[in-house]
Amino acid sequence: MTHQIDPSFLKLPLHRLADVALSRARELGVTYADFRCERIRSQSLRLRDGKLQRSYNATDSGFAVRVIHKGTWGFAAGVDFTPDAAVQKAETAVAVASICRSLNTDPVELAAEPGYSNATWISAYQINPFDVPDAEKITLLAEWSNRLLTASSVNHVDAELLTVQENKFYADTAGTMTTQQRVRIDPQLTAIAVDDQSGQFETMRTLAPPTGRGWEYLTGTGWNWDAELAEIPTMVAEKMRAPSVAPGTYALVIHPSNLWLVIHESVGHATELDRALGYEAAYAGTSFATVDKLGSLNYGSPIMTVTGDRTAEHGMATIGYDDEGVAAQRWDLVKDGILVGYQLDRQMATRQGFGRSNGCAFADSARHMPIQRMPNVSLQPDSNGSSTEELIAGVERGIYIIGDKSWSIDMQRYNFQFTGQRFYAIQSGRLVGQLRDVAYQATTTDFWGSLEAIGGPETYVMGGAFTCGKAQPGQIAPVSHGCPSAVFRGVRVLNAAMEANR
Amino acid sequence: MRAQETVERALALSSADGCVVIAKEQSSANLRWANNSLTTNGLTRARQLTVIATIAGATGTAAGAVSQSAVREDELEALVRAAEQAAREAGPAEDAQPLVASSKSAEGWDADPAETSIDVFKQLATDLGEALTQARFENRLLFGFAEHTMISTYLGSSTGLRLRHDQPTGTVEIAAKSPDFSRSAWVGRATRDFSDVDVTILNAELTQRLAWAERTIELPAGRYETLLPPPAVADLMIYLYMSTTAREAHDGHTVFSQPGGGTRVGEALTPLPVTLRSDPYAPGLECPPFLIAPASSSESSVFDNGLPLGPTDWIRDGTLTALLQTRHSAQLTGLAVTPWIDNLILEAAGSPSTLTEMTTATKRGLVLTCLWYIREVDPQTLLLTGLTRDGVYLVENGEIIGAVNNFRFNESPVDLLRRVTEIGHTEHTLPREWKNFFTRAAMPPLRIPDFTMSSVSQAS
């Protein structure tokens, strides 16, 4: 479907403000400047037991001027869309650079990138969710909630729909000018079961991942909602009755709905070059995958290949051009088990001798300076790989894990712990019922080193999140992670109830 | 258009049964540095207007909320109509209540918004420059971030509310590392205006901590006597505070739900005389004394906007006394209306010991610096997992003898309150994990006789 950039965004004086801001910056002697205008529309609808709890719409607009002045960054952002304000922000950005120069020992240079004049890019969606009346959205969510509530096993239902439409206009002193628009959507329903007598409770959330699609995602394109909602009441009832897991070492068959988050935390963040270089050391952390290990680190078993891309259709990190005018690309991060690549922006690409940036600069609003953020980071399927059922059939004693829930990983991306939505005991290659209280713990390279089998392309699903956090001031970024089902041997499984002395 | 005028104009444009308008004026300055050099910086200005429309119908009252940044005069009516349209499409709200009425005159309503500038860092930048130079000379790496934000909020309603609040929020944190990144230390402070931040003192503390780490000791996972310092206690108690939503406890699915129905309010959580409280007027931790809710959730309601907030004890003398409420959930649970307040204080009567004194009184145990990546593992017990970060020190016979590897922990703050054996002196602190949205905390160090270190983390 062909869309146009939202005319109400194009009505803003984008070219005029860019022109005066960049001209003023040039007059003040900058070696580089860019102007970025963003408008982010978001909606949050939340229902509790089928009744609307929240209807909240927000539009966040603003623009920013970023300069390199005598080798130091300067940045200023504002919200008044007048030429005077744009000129003033250019002056403020230069003034900020001047104040900061004495603290900077590392003159900024940027990797070369071709110019793209007047480029337009729009993400792949059919129906813009902001064109759908609220009443229609609320009615659908209420109907879905009520389907779950009619089951005797379900006591409460939370339903939530988040939607975002992001517009970016970018222009720099090298002549690039881009106008972009993308849409993303995150519907979630959670069934809650409570045993009044014992006080025990369990939850079960839908597995439908957030995605770079439109309203069509809720009406049959890309996900089968009827099928998923139909099976939740039985599954949450089974989870309430399930035995608590015996802690120990297990083979794990991990479904993409759980594995995407492990990839995000243990590969995605670990291959951010800014982390590896220490730029995030006081906050998000560093990485064990340091640059001296590029080309030699055994990240995982030889069947592990992980790519970075900003090009996958419906990927939430997918874009035409990044926030410093670099065209979207796809590249390897881990190839045949070896660390071979990083995520780059233009400053780091030059500084570390990588040549061209692979286009990972991103700012979550006009208020913030772009930093290196995660592209879609995806584990490649085995082109001759098995189905999930066949992977399970190959496991004598193990646990099959579906859906993400709790996650935590250390500041160097070694030690992690995850839980999930559903855990099935595997005995002699067959699922024999759900387990409760499962948490698994591992060290990144041990875990990926224990990767024994990867499913085929038919098991591949793209998961992701709207709100990956990084940097100071804090910024959030949307990102997707594709992966097949996969088998890991000898993973430590804890019992969460025993950990809590319960 | 001034913020006050925008609020009045929006209220005048409203054709709904009720209307709340919140104007937020924000200015923010920040500096960030890494590897002994400045990396990013910024001076930003933001302005946001939220219009909440309420519409009464045969079956109840509905609400719709719409926010927009940098609203121009000619866009105002469209925003008001959008809120009304959202309310019409919403249907009756369960949390509907009459809008808060006020007879009090608005204090400071007419004044211009408060503002910060990059100049707030004048002294800090000078001292930091010296600290960076010294670090290069002494072969250490410094990393950190300083931020100062000023938010002026103007809240008006069709029921006569005209409320205004200025909120300064400042934080500074510095991490120091050895050049090979194997040793790491951290300090952080929260401040209202940076006048009480002395980088020289922070730098000296970091240098001391890196020196402690010159000797390293490997310890396995297990249960250790552990001294939790104020920043770590803050992060754990803030999670507990965030988990006290009355509605969810009432519905049976939080750690504060009573088996068989109801909540655990009234139950003793610990034998020690501990009080966990919030107070909008707490000296140095001042925060909005009225409720600001641009959107509804289980713990806050747009209908409650402008509700006066007062000192609230969540736990008093060890007993759970209040949960996070809306007026609607308070009716449901039969408890007092005690909404979210943006600060948190944990204290116990007669607890004079500082962390240093508690360290001296320790035969063998661990002293932590802070916690990181805290996530909920099991809501039934409020079991949390996370990591120790930037310095775990081993104490023997009252002295720190070296730095230990990091650990992953699995612990519940509710269970920690039950097991704590010593509560130290409460002091202002910076919660490292949650500082992006929660900076106003005063916490004591705690002695836990058997803190659960679940596994070793190789991170340094």
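Residues numbered from 1 in each chain as written. Chains lettered and ligands numbered in written order. Predicted model: local features only at pLDDT ≥ 70, side-chain atom pairs only at ≥ 80, totals over all residues.

A.B. asks: Would you mind showing me how to read the overall build of chain B here?
C.D. replies: Helices and strands together make up the secondary structure of chain B, namely nine helices and 20 strands. For chain B, whose C-alpha radius of gyration is 24 Å, the value lies close to the compact-globule estimate of 23 Å for 460 residues. On the principal axes, the C-alpha backbone points of chain B span a range of 70 × 55 × 35 Å. Within chain B, buried positions represent 59% of all 460 residues. The contacts in chain B between residues at least 6 apart in sequence include a share of 73% that link residues at least 24 apart. (Helix = DSSP H or I, 4+ residues; strand = E, 2+ residues; numbered from the N terminus. Rg over C-alpha atoms; globule rule 2.2 N^0.38 Å. Buried ≥ 20, exposed ≤ 12 C-beta atoms within 10 Å, placed from the backbone. Contact = placed C-beta atoms within 7 Å.)

A.B. asks: Would you mind going over the overall build of chain A with me for this structure?
C.D. replies: For chain A, the helix and strand inventory stands at 11 helices and 22 strands. Over its C-alpha trace chain A gives a radius of gyration of 24 Å, about what one expects of a compact globule, namely 23 Å for 502 residues. C-alpha atoms of chain A, sized along the principal axes, occupy 70 × 55 × 45 Å. Buried positions account for 60% of the 502 residues belonging to chain A. Nonlocal contacts in chain A, meaning residues at least 24 apart in sequence, comprise 76% of its contacts between residues at least 6 apart.

A.B. asks: Is there a simple way to explain unusual backbone geometry in this structure?
C.D. replies: Only a minority of non-glycine residues have a phi that is not negative, and only a minority of peptide bonds are not trans. For the peptide bond that leads from Gln472 of chain A to Pro473 of chain A, omega is 0 degrees, which places it in the cis range. For Pro473 of chain A, the position within the fold is in the loop between strand S20 (461–470) and strand S21 (475–483). The phi dihedral of Asn118 of chain A falls on the positive side, at around 55 degrees, and the residue is not glycine. Along the chain, Asn118 of chain A turns up in the loop between helix H3 (83–100) and strand S4 (119–122). Given 11 C-beta atoms within a 10 Å radius, Asn118 of chain A is considered exposed. One non-glycine residue, Asp317 of chain B, adopts positive backbone phi at about 50 degrees. Within the secondary structure layout, Asp317 of chain B lies in the loop between strand S10 (312–316) and strand S11 (319–320). Judged by the 15 C-beta atoms lying within 10 Å of it, Asp317 of chain B is partly exposed.

A.B. asks: Any chance you could explain the packing of helix H1 (residues 3–13) of chain B against helix H2 (residues 76–90) of chain B here in plain terms?
C.D. replies: Pairs of packed helices are described in terms of their axes, by the angle between the two and the distance that separates them. All names here are of chain B. Two elements in contact, H1 and H2, have axes separated by 9 Å at closest approach and are oriented at 55 degrees. Considered as vectors, H1 and H2 are oriented oblique to each other. Regarding H1 and H2, the two cross each other, and that crossing is right-handed. On H2, the residues touching Thr6, Arg9, Ala10 and Leu13 of H1 are Leu76, Glu77 and Val80. Across the contact of H1 with H2, the residue classes break down as four nonpolar, one polar and two charged. (Axes fitted to C-alpha atoms, helices over the stretch in contact; angles between N-to-C directions. Parallel < 35°, antiparallel > 145°, perpendicular 65-115°, else oblique. Left-handed = near helix turned anticlockwise from the far one by under 90°. Nonpolar A, V, L, I, M, F, W, Y, C, P; charged D, E, K, R; others polar.)

A.B. asks: How do you make sense of the domain arrangement of chain A when you look at a structure like this?
C.D. replies: Residue and element names in this part refer to chain A. When cut into domains, chain A gives domain 1 (7–241) and domain 2 (248–499). Using only C-alpha atoms to locate each centre, domain 1 and domain 2 end up separated by 22 Å. Facing the 42 residues of domain 1 at the interface are 37 residues of domain 2. Elements that contribute at least two residues to the side of domain 1 that touches domain 2 include exactly strand S1 (32–48), strand S2 (51–69), strand S3 (72–78), S4, strand S5 (156–172), strand S6 (177–194), strand S7 (201–205) and helix H5 (225–241). Counted by class, the side of domain 1 that touches domain 2 contains 20 nonpolar, seven polar and 15 charged residues. (Domains from an automatic or database assignment.)

A.B. asks: I would appreciate a short explanation of the interface of chain B and chain A in the present structure.
C.D. replies: By a frequent convention, interface size equals the accessible area lost on bringing the separate parts together. Facing the 83 residues of chain B at the interface are 74 residues of chain A. Here the element with the most residues in the side of chain B that touches chain A is strand S2 (residues 37–57) of chain B; it accounts for 11 residues. Grouping the constituent residues of the side of chain B that touches chain A by class yields 30 nonpolar, 38 polar and 15 charged. Inspection of the sheet shows S3 of chain A paired to S2 of chain B by two bridges, in the parallel sense. Among the inter-strand pairings, Ala76 of chain A is bridged to a residue of S2 of chain B, identified as Leu43 of chain B. (Pairing = 2+ DSSP bridges.)

A.B. asks: Which parts of the structure should I look at to understand the sheet that holds strand S9 (residues 306–309) of chain A?
C.D. replies: Through backbone hydrogen bonds, the strands of a sheet pair up, either in parallel or in antiparallel fashion. Residues and elements named next belong to chain A. Ordered in space as S11-S10-S9-S14, the four strands form an open sheet in which the pairing is antiparallel. Two strands close off the open sheet at either side, each with one partner strand: strand S11 (338–339) and strand S14 (376–379). Where S9 and strand S10 (residues 330–335) come together, four bridges link them in antiparallel fashion. Its bridge partner lying in S10, Gly308 is registered against Trp331. Packing of helix H6 (residues 256–268) onto the sheet brings it into contact with S9, S10 and S14, and relative to S14 it is tilted by some 110 degrees.

A.B. asks: Would you mind going over the nonpolar core with me for this structure?
C.D. replies: Burial of nonpolar side chains together is a common tendency in soluble globular proteins. Of all hydrophobic cores here, the largest spans 290 residues; its most connected members are Ile399 of chain A together with Val51 and Met237 of chain B. Aside from chain neighbours lying at most four places away, what touches Val51 of chain B is Ala10, Cys19, Val21, Val66, Leu79, Val80 and Ala83 of chain B. (Core = buried A, V, L, I, M, F, W, Y, C linked by C-beta atoms within 7 Å.)

A.B. asks: Could you clarify how one ought to interpret the domain arrangement of chain B in this entry?
C.D. replies: All names here are of chain B. Under the domain assignment used here, chain B contains domain 1 (3–210) and domain 2 (215–460). Domain 1 and domain 2 are separated by 24 Å when their C-alpha centres are compared. Mapped onto the side of domain 1 that touches domain 2, the elements with two or more residues apiece are strand S1 (18–34), S2, strand S3 (60–69), strand S4 (141–157), strand S5 (162–177) and strand S6 (184–191). Of all the elements, S5 adds the most residues to the side of domain 1 that touches domain 2, at seven residues. Across the side of domain 1 that touches domain 2, the residue classes break down as 16 nonpolar, 13 polar and six charged.

A.B. asks: Sorry, what's going on with the packing of helix H2 (residues 14–27) of chain A against H3 of chain A here?
C.D. replies: Residues and elements named next belong to chain A. At a closest axis distance of 8 Å, the pairing of H2 and H3 adopts a crossing angle of 35 degrees. Where H2 crosses over H3, the two elements pack in a sense that is right-handed. Between H2 and H3, the contacting residues are Arg16, Leu17, Val20, Ala21, Arg24 and Ala25 on the first element and Pro83, Ala86, Val87, Lys89, Ala90, Glu91 and Val94 on the second. Looking at the contact of H2 with H3 residue by residue, the classes come out as nine nonpolar, no polar and four charged.

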